[in-house]
Structures are given as structure tokens and as C-alpha cells.
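# Coordinate analysis (summary)
Read off the chains here:
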Amino acid sequence: MNKLFLTMTLALFTTIASAQYSVITTVTSTEDEAGETTYNATDKIGVGYQVNEKLMVGLTMDGEDKYELLGRYALMNRVWGACVYNHAKDSETELMDNIELGLGYSFKVWDKLYFDPNYTMPAKSNEAGEREGTFNLSVSYKL
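The structure contained in this document is the topic of the report that follows.

### What about the pattern of salt bridges?
- Scanning all chains against the criterion turns up two salt bridges.
- The shortest N-O distance in the salt bridge between Glu68 and Lys44 comes to 3.0 Å. Of this pair, Glu68 sits in strand β4 (residues 67-76) while Lys44 sits in strand β2 (residues 37-50), placing them 24 residues apart in sequence.
- A relative accessible area of 24% places Lys44 in the partly exposed class.
- Between Arg72 and Asp116 there is a salt bridge whose closest N-O contact spans 3.8 Å. Residue Arg72 is found in strand β4, and its partner Asp116 is found in strand β8 (residues 113-122); the two are separated by 44 residues along the sequence. The residues Arg72 and Asp116 share a single accessibility class, namely buried.

Spelled out as C-alpha cells, the structure:
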């Protein structure tokens, strides 16, 4: 039992030491009652794990306790494609209703700080047959 525990501990610390984690946030704008626009960087925040050179998986949390699974695949020269699964508790919707697909680019701002503009859209169209996407401004920092 001690050998198993020691092996698991060694494997965990080796994974942590060799891994590259990222902290990700999306900058959102809101309007108050007076009509003034404010910007918030903590509405959607998460952590990503760089599996290899091209693939990152992560978990983000909305300000309203909605969790999202994130997969980001590097296509070429800082251009990446993303797949986001919006986990809805007790939801009776289909899988494709909760998936968004996106495309983005990472601008290196300073050392390990990146500015990531991206565009996401639902994988399935709504009842009117439309897919209304959103343009997002994200910031990420690689640890």
C-alpha cells in the first residue's frame, strides 16, 4: 500500500511540475441603470491545463454558478479553435444545444500574458434557423 501511495504521489507531482497551466478570463461589459458602461473581468474565469503543444483543456465558471468545459486546439501560429460545453444542471436539452464552437487568436502582450480575441457561435441553430455568435475579448496568463 505504501508503494502505491508513493507511486501515485510521485506521478502527481511530476505531472504538476511538467505541466503548464493557464488562468483565463473574459472581459465583459455591462450597462447600469444610469446608462453607463462598466467592464468586468471576473464574470467568466477559469483554469486551463496544457495537455501537449497543441491541446488545452479547462474549466470555466460563470458568475452565476454555470460551469463550462473548454477545449482549445492550436491550429497554426497562435490561431486556435475552441469547443465549449455549457453544463446545465438538471437540463433536458440535447447535447448540441449546449456546445459552442469558436475561433480565436492569441496576441502575446508581455512574457506569459496573452490577449485573446475570439468569436464563438452555437453548434446548433435556434428555432428560427439562426446562429447568433458573440465576439469575446479574453485575457490569459500561462503559469
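More follows now that the structure is in view.
### A look at a negative patch on the surface
- A cluster of acidic residues, Glu31, Asp32, Glu33 and Glu36, forms a negative patch at the surface.
- With respect to the helices, strands and loops of the structure, Asp32 is situated in the loop between β1 (20-31) and β2.

About the thresholds
- Counting of residues starts from 1 at the beginning of each chain's written sequence and follows it residue by residue.
- In view of the model being predicted, local features appear only for residues whose pLDDT reaches at least 70, and side-chain atom pairs are presented and counted only at 80 or more, with totals across whole chains, interfaces and linings using the full set of residues.
- By convention in this description, side-chain values take in all heavy atoms of the structure and omit both hydrogens and water.
- Here, a salt bridge means any side-chain nitrogen of Lys or Arg that lies within 4 Å of a carboxyl oxygen of Asp or Glu.
- Secondary structure elements follow DSSP: runs of H or I of four or more residues count as helices, runs of E of two or more count as strands, with numbering from the N terminus.
- When a residue's accessible area, from a 1.4 Å probe over protein chains only, is under 20% of the maximum for its type it is buried; when over 50% it is exposed; and in between it is partly exposed.
- Any residue with relative accessible area above 30% and no salt bridge may belong to a patch, with like charges joined within 9 Å and the nonpolar Val, Leu, Ile, Met, Phe, Trp and Tyr side chains within 5 Å.
- Each accessible area is a Shrake-Rupley result for a 1.4 Å probe, and residues are judged covered by the shown protein chains and nothing else.
- Note that His is not counted, nor are the chain ends; the positive residues are Lys and Arg, and the negative ones are Asp and Glu.
- Every charge is mapped onto a representative atom, which is NZ of Lys, CZ of Arg, CG of Asp or CD of Glu.

Purely geometric numbers; function is a separate question.
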